[in-house]
Amino acid sequence: MGKTMNENISNELSGLISQMLKPLKGLSFKLIIEGLSGHKIIPFDKNDEKDIALLEKLKNIAILTGKEINEIGIKKMRPNEAGNEVEVFLKNAMIKEGFKPQTPLTKKGKHKASGYPDIEFKDQFDRTNYLECKTYNAKSETSSFRSFFVSPSEDFKVIEDAHHIMLSFELYDVKNKSSNNENIYKCKKWKVVCLADLICDVKYEFNSNNKNMYSDELVLAEGSFK
């Protein structure tokens, strides 16, 4: 009896895990944000005067960002490092346009740098907006590989109903090396993207940590070097 019960439980768990491994597809980002934060994404209205004015500001910010990048060049060894640097240029451009970009506040009232979104700011109409900064190259522009993700958090960074906007910049390697033999990246294109109707997939993962991986029960052998 006990063995049969254990086998049934094992089969149920195996079936449950198999179901979890099947990704959910075609979920609207606005539903995801509302589920994670309790707050709504306000869609961008192309016919609303305030949204039209905000878009003009964002376009100017994108142009200023790209121009400054091209004047200075981003000197980094790897493309992802260059991508991280773009946010600095973006914030400088936002300040020039009269905005005050800040690291978003969480539910607990803390400024949190990691995770979505990158930037929180008030527009010229005192409305809160969330802004994500992304980079890509010409080959990856239409790629289906994962390039955007949002993870649940107990202290999520979205605490208001707001626009969710992304500014993206196409970077390219100018093929010249800096004095430190680093690559030099510049900007070719920019995009302003409304994320309200972005379609997302959900894929579960199983994770662990070093404390568990290197426990005495699991380590079979180890050594050190002088």
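We now turn to the structure provided with this report. Numbering of residues starts from 1 in each chain and follows the order in which that chain's sequence is written. At least 70 in pLDDT is required for a residue's local features to be given in this predicted model, at least 80 for side-chain atom pairs to be given and counted, and no such filter applies to totals for whole chains, interfaces and linings, which use all residues. The side-chain figures draw on all heavy atoms in the structure; neither hydrogens nor water molecules are used.

1. Remarks on the environment of F99
Argument step 1. What counts as a helix is a DSSP run of H or I of at least four residues, what counts as a strand is a run of E of at least two, and both are numbered from the N terminus. By the secondary structure assignment, F99 is in the loop between α4 (79-96) and β3 (119-122).
Argument step 2. The spatial distance from the C-alpha of F99 to the C-alpha of F121 is 6.8 Å, given a sequence separation of 22 residues.
Argument step 3. Here F99 is in contact with L54, K57, I61, M94, F121, K122, D123 and Q124, once residues within four sequence places are set aside. Should any heavy atoms of two residues lie within 4.5 Å, those residues are counted as being in contact.

2. Comments concerning the side chain of E120
Argument step 1. Turning to its location among the elements, E120 is positioned in strand β3.
Argument step 2. At 3.2 Å, the side chain of E120 forms a polar contact with the backbone nitrogen of L105.
Argument step 3. Apart from the residues lying within four places of it in its own chain, the contact partners of E120 are K100, P101, Q102, P104, L105, T128, N129, Y130 and E160. Polar contacts, as counted here, are pairs of nitrogen or oxygen atoms within 3.5 Å of one another; within protein the pair requires one atom able to donate a hydrogen and one able to accept it, and residues that are adjacent in sequence qualify only if both atoms are side-chain atoms.

3. Comments concerning helix α3 (residues 49-72)
In an α-helix there are 3.6 residues to a turn, and that puts residues three or four apart on one side.
Argument step 1. Given a rise of 1.5 Å per residue, 24 residues ought to cover 34 Å, and the 35 Å separating the end C-alpha atoms of α3 matches this to within 8%.
Argument step 2. Type-normalised accessible area, obtained with a 1.4 Å probe on protein chains alone, sets the label of each residue: buried when under 20%, exposed when over 50%, and partly exposed for intermediate values. Every buried residue belonging to α3 is among D51, L54, L58, I61, A62, T65, G66, E68 and I69, and all of these are buried.
Argument step 3. Here α3 starts with a cap whose side-chain oxygen sits 3.0 Å from the backbone nitrogen of K50, and that cap is D48.
Argument step 4. Residue G73 follows α3 closely and has a positive phi angle near 80°. The span one expects for a helix is its residue count, reduced by one, times 1.5 Å.

4. Digging into the packing of aromatic side chains
Argument step 1. Here is the rule: rings of Phe, Tyr and Trp (six-membered ring for Trp) pair when centre to centre is within 6.5 Å. Planes less than 30 degrees apart are stacked, more than 60 are edge-to-face, and the remainder are tilted. Applying the stated criterion across every chain yields a total of two aromatic pairs.
Argument step 2. Summarising the aromatic geometry, the rings of F29 and Y116 are spaced 5.5 Å apart at their centres and angled 85° between planes, so their arrangement reads as edge-to-face. You can see F29 sitting in helix α2 (residues 29-37) and its partner Y116 sitting in the loop between α4 and β3, a full 87 residues away along the chain. The pair formed by F29 and Y116 is uniform in burial state, with each residue classed as buried.
Argument step 3. Over the ring of F99 we find K57, and its NZ or CZ is 5.8 Å from the ring centre. Geometrically, a lysine NZ or arginine CZ counts as sitting over a ring once it is within 6 Å of the ring centre and also within 35 degrees of the ring normal.

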